[in-house]
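What follows is each chain in one-letter form.
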Amino acid sequence: SKTDPVDKNVHFEKLALGRLHTVALTAYGEVFTWGSTSMGRCGHSPMDSGRGSDRRFVQQPRHVAALRNVSIEAIAAGAAHTLALSKGGRVFAWGSGGDGQCGQGHAGNLFSPRAVQGLPTRSS
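The sections below set out a description of the structure shown in this document. (Residues numbered from 1 in each chain as written. Predicted model: local features only at pLDDT ≥ 70, side-chain atom pairs only at ≥ 80, totals over all residues. Heavy atoms only, no water.)

Here we come to the pairing of strand β1 (residues 12-17). Where β1 meets strand β2 (residues 21-26), five bridges bridge the pair, whose relative direction is antiparallel. If you follow L15 over to β2, its bridge partner there is A24. Counting the residues that bridge the hairpin from β1 to β2 gives three residues. (Pairing = 2+ DSSP bridges. Helix = DSSP H or I, 4+ residues; strand = E, 2+ residues; numbered from the N terminus.)

Take a look at the structure:
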């Protein structure tokens, strides 16, 4: 299930540190997060958390399910928001959007990764 502990054979190649959350990237382009779930900063929608789990924080690395079909090459974390750059050049944002930092044209929080629209994309 989605709430199982991370496989012991997963190796993280890059880390990004927010104020209360951590973001990790594997060589295969998978994103894992853990820490506070406040304002959506970990990118796990409430449906990913499972019944009976404490939804205020994630105690172990958990795969960001919304990005399972996207290969990510870079990650960044602000105090309470997270960004991921796909190999195709798309930027995904989630977490605190109170100052518009998630690039969605509004100041709301995002509890699941959402593509930032209107950015130039790589030409193939």
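Membership of the largest hydrophobic core comes to 17 residues, with the highest contact counts inside it found for V31, L67, I72, I75, A84, F92 and W94. Looking at this core, the elements with two or more residues in it are β2, β5 (72-77), β7 (91-95) and β8 (110-115). Looking at this core element by element, the count peaks at three residues for β7. Setting aside residues no more than four positions away along its own chain, L67 makes contact with V31, I72, A84, F92, W94 and P113. (Core = buried A, V, L, I, M, F, W, Y, C linked by side-chain atoms within 4.5 Å. Buried < 20%, exposed > 50% of the residue type's maximum accessible area, 1.4 Å probe, protein only. Contact = heavy atoms within 4.5 Å.)

With that settled, consider the environment of F32. Residue placement: F32 occurs in strand β3 (residues 31-36). Between the C-alpha atoms of F32 and L67, which are 35 residues apart in sequence, the distance is 9.7 Å.

Along β2, six of the six residues are buried, which leaves the element largely enclosed by surrounding structure. The sheet contact formed by β2 and β3 spans five bridges and is antiparallel. Among the inter-strand pairings, T22 is bridged to a residue of β3, identified as W34. The hairpin turn running from β2 into β3, its antiparallel successor, is four residues long, and G29 in that turn takes a positive phi close to 80 degrees.

Let's shift gears to the sheet that holds strand β4 (residues 57-63). Strand order in the open sheet formed by four strands is β1-β2-β3-β4, and the pairing between neighbours is antiparallel. Each end of this open sheet is capped by a strand with a single partner; those strands are β1 and β4. Strand-to-strand twist across the sheet, computed as the mean angle between neighbouring axes with direction ignored, equals 10 degrees. (Axes fitted to C-alpha atoms, helices over the stretch in contact; angles between N-to-C directions.)

Another aspect to go through is the sheet that holds strand β6 (residues 81-86). If you trace the four strands from one edge of the open sheet to the other, you get β5-β6-β7-β8, paired in antiparallel fashion. Both outer strands of the open sheet, β5 and β8, are each paired with one neighbouring strand and no more. Taken over all neighbouring pairs, the strand axes of this sheet differ in orientation by 15 degrees on average, direction set aside. Sheet analysis places β7 next to β8, joined by three bridges and oriented antiparallel. Bridging from a neighbouring strand, A93 pairs with R114 of β8.

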